[in-house]
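Read off the chains here:
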Amino acid sequence: MKAKEWISDLRVYEPGKPLEEVARELGFGDLTEIVKVASNENELGPSPMAMKAMQETISEMHRYPDGGAFYLKGKLADKLGVDPENLLFGCGSNELIVFLCHVFLRQGMNLVMGAEAFAVYFLAAAMYEGKAIRIPMPEHVHDLDAMLTAITPETRLVAICNPNNPTGTMVSPEAIDCFIEKLPEHVVAIFDEAYFEVMPEHMKPDVLKHIRAGKENIIVLRTFSKAYGLAGLRIGYAIGHPKLIGLLNKVRQPFNVNGMAQAAAMAALDDVPHIVQTREMVFQGLEFFARELPKLGLETVPSGANFILVKTGNGREVFERLQKLKVIVRPMDPYGLPDHIRITIGTPEQNQTILNALKAVRV
Ligand SMILES: *Cc1c(COP(=O)(O)O)cnc(C)c1O
């Protein structure tokens, strides 16, 4: 075999292990006792309305899904105040990141991103032989000026995760507007808003107003995986100028978003109480950890997402010790943060369990 070198050299994204496997390895009988807060999932579960919609669509699963996601597109466009032509769905917003790299990168081209930003950007760029230029993040925050300065004639994409995963940090709406104003025309800016629904209201950026005004080289990515609690279904979406959306659509497989996911997403959009409850749980949990962890001498990074980055010292060791206490978090050494762990906000009971476990593993 002679694979393309840049593919055989690819580092593979390392997801958390399945719960069942961790339980088996550690000899835990009862899975329900395990607190898994490693992947920024919604601990309230899926929207109940989405669950009902999924049940109702089971008998239709012999059909191919609607490849254009016609109804979902219409409904979401109304909700966002954009046109259906501004939208594209992906098998998770992850797939949309891959589309962007597919369309814009090749050997010699680059993508500018934060050094502590979502790793999928780096990996997707490498798939198309693109280079990721990683810009340091002072205080774990995207440095938008430094990112603009780093742009070269070969830059095709610049990615801003807002809030950023895994740091939880945000950039202000004013800083975003200013960035968009200075953005060179040969570069597409990706605003990854995977946690938009749980952001504090005053920090929510309004990138959509620029898209409504016809700006061609910006795109917003959002997802049903986080606040909506539908990570298992794999559905996310892009909002952008029809020209840009049209380009991405060229590399999309006809049935990339399954029928169950489309039905669930439609219903989830209507389930306002579920989102309100989720926001309350997240705000309450963030406040809890920001208050309690410093009492243990643990520094936290202010977060606008449904997780919090905590400086524990030796994150890998802390992760392993917590796991023995049935609390699964994410060690951050793959992000160049060997002293940190990332904890997804859970229910108040789960948060208390996590805190107790952290107390117990302190070195
Ligand atoms: C979770 C996450 C995504 C991807 O979510 P999908 O499940 O693929 O929709 C994208 N960007 C960031 C920053 C994330 O944290």
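The following refers to the structure shown. (Residues numbered from 1 in each chain as written. Predicted model: local features only at pLDDT ≥ 70, side-chain atom pairs only at ≥ 80, totals over all residues. Heavy atoms only, no water.)

## Description of the site of the ligand
1) Next: In the vicinity of the ligand, the contacting residues are Gly 92, Ser 93, Asn 94, Phe 118, Asn 165, Asp 192, Ala 194, Tyr 195, Thr 223, Ser 225, Lys 226 and Arg 234.
2) Next: A distance of 2.9 Å separates an oxygen atom of the ligand from a polar atom in the side chain of Asn 94.
3) Next: Measuring from an oxygen atom of the ligand, one finds a side-chain N or O atom of Lys 226 at 3.1 Å.
4) Next: Surface burial for the ligand is 95%, taken as the share of its 390 Å² of free accessible area covered by protein chains.
5) Next: When grouped by side-chain class, the residues that make up the shell around the ligand number three nonpolar, six polar and three charged. (Near = heavy atom within 4 Å. Polar contact = N/O pair within 3.5 Å; in protein donor to acceptor, adjacent residues only side chain to side chain. Areas by Shrake-Rupley, 256 points an atom, 1.4 Å probe, with all protein chains shown as cover. Nonpolar A, V, L, I, M, F, W, Y, C, P; charged D, E, K, R; others polar.)

## Structural notes on the packing of aromatic side chains
1) Next: On inspection of all chains with the given rule, the structure shows nine aromatic pairs.
2) Next: When the centroid spacing of 6.2 Å and the interplanar angle of 85° are considered together, the rings of Phe 179 and Phe 191 count as edge-to-face. With Phe 179 in helix H8 (residues 173-182) and Phe 191 in strand S6 (residues 188-192), this residue pair connects regions lying 12 residues apart in the sequence.
3) Next: In textbook terms, an aromatic cluster arises when at least three aromatic residues are bridged by ring pairs, as seen for Phe 89, Phe 224, Tyr 228 and Tyr 237.
4) Next: Sitting over the face of the ring of Phe 196, Lys 204 holds its NZ or CZ atom 4.8 Å from the ring centroid.
5) Next: Lying over the aromatic face of Phe 28, Lys 326 brings its terminal NZ or CZ to 4.7 Å of the ring centre. (Phe/Tyr/Trp six-rings, centres within 6.5 Å; stacked < 30°, edge-to-face > 60°. Helix = DSSP H or I, 4+ residues; strand = E, 2+ residues; numbered from the N terminus. Lys NZ or Arg CZ within 6 Å of the ring centre and 35° of its normal.)

## Overview of the packing of helix H5 (residues 93-104) against helix H6 (residues 119-127)
Two measures define how a pair of helices packs: the angle their axes make with one another and the distance between the axes.
1) Next: Where H5 meets H6, the closest approach of the two axes is 9 Å, and the angle between their N-to-C directions is 40°. With respect to their mutual orientation, H5 and H6 come out oblique. Crossing of H5 over H6 shows right-handed handedness. Residues Asn 94, Ile 97, Val 98 and Cys 101 of H5 touch H6, and the partners they reach there are Val 120, Tyr 121, Ala 124, Ala 125 and Met 127. (Axes fitted to C-alpha atoms, helices over the stretch in contact; angles between N-to-C directions. Parallel < 35°, antiparallel > 145°, perpendicular 65-115°, else oblique. Left-handed = near helix turned anticlockwise from the far one by under 90°. Contact = heavy atoms within 4.5 Å.)

## Focus: the pattern of salt bridges
1) Next: Under the defined criterion, the tally for this structure stands at 14 salt bridges.
2) Next: In this structure, Lys 36 engages Glu 41 in a salt bridge whose closest nitrogen and oxygen atoms are separated by 3.4 Å.
3) Next: Given a relative accessible area of 30%, Glu 41 falls into the partly exposed group.
4) Next: Residues Glu 292 and Lys 295 are paired through a salt bridge, measuring 3.2 Å at the closest nitrogen-oxygen approach.
5) Next: A residue is classified by how much of its surface remains accessible, and Glu 292, at 15% relative accessible area, is buried.
6) Next: Taking relative accessible area as the criterion, Lys 295 reaches 59% and is therefore assigned exposed. (Salt bridge = Lys/Arg side-chain N within 4 Å of Asp/Glu carboxyl O. Buried < 20%, exposed > 50% of the residue type's maximum accessible area, 1.4 Å probe, protein only.)

## Structural notes on the pairing of S6
1) Next: With five of five residues buried, S6 lies mostly within the body of the structure.
2) Next: Burial of the side chains of S6 extends over both faces: Val 188, Ile 190 and Asp 192 are buried on one face and Ala 189 and Phe 191 on the other.
3) Next: Relative to S6, strand S5 (residues 155-161) is paired through five bridges, and the arrangement is parallel. Looking at S6, one finds that Val 158 is bridged to Ala 189.
4) Next: Running through H8, the crossover from S5 to the neighbouring parallel element S6 is right-handed. (Pairing = 2+ DSSP bridges. Right-handed = clockwise from strand over helix to strand, strands pointing away.)

## What to know about the packing of H5 against helix H10 (residues 242-249)
1) Next: Contact geometry for H5 and H10: axes closest at 9 Å, N-to-C directions at 90°. The orientation of H5 with respect to H10, classified from their angle, is roughly perpendicular. Facing Phe 99, Leu 100, Val 103 and Phe 104 of H5, the residues of H10 in contact are Leu 244, Leu 247 and Leu 248.
2) Next: The residue makeup of the contact of H5 with H10, split by class, is seven nonpolar, no polar and no charged.

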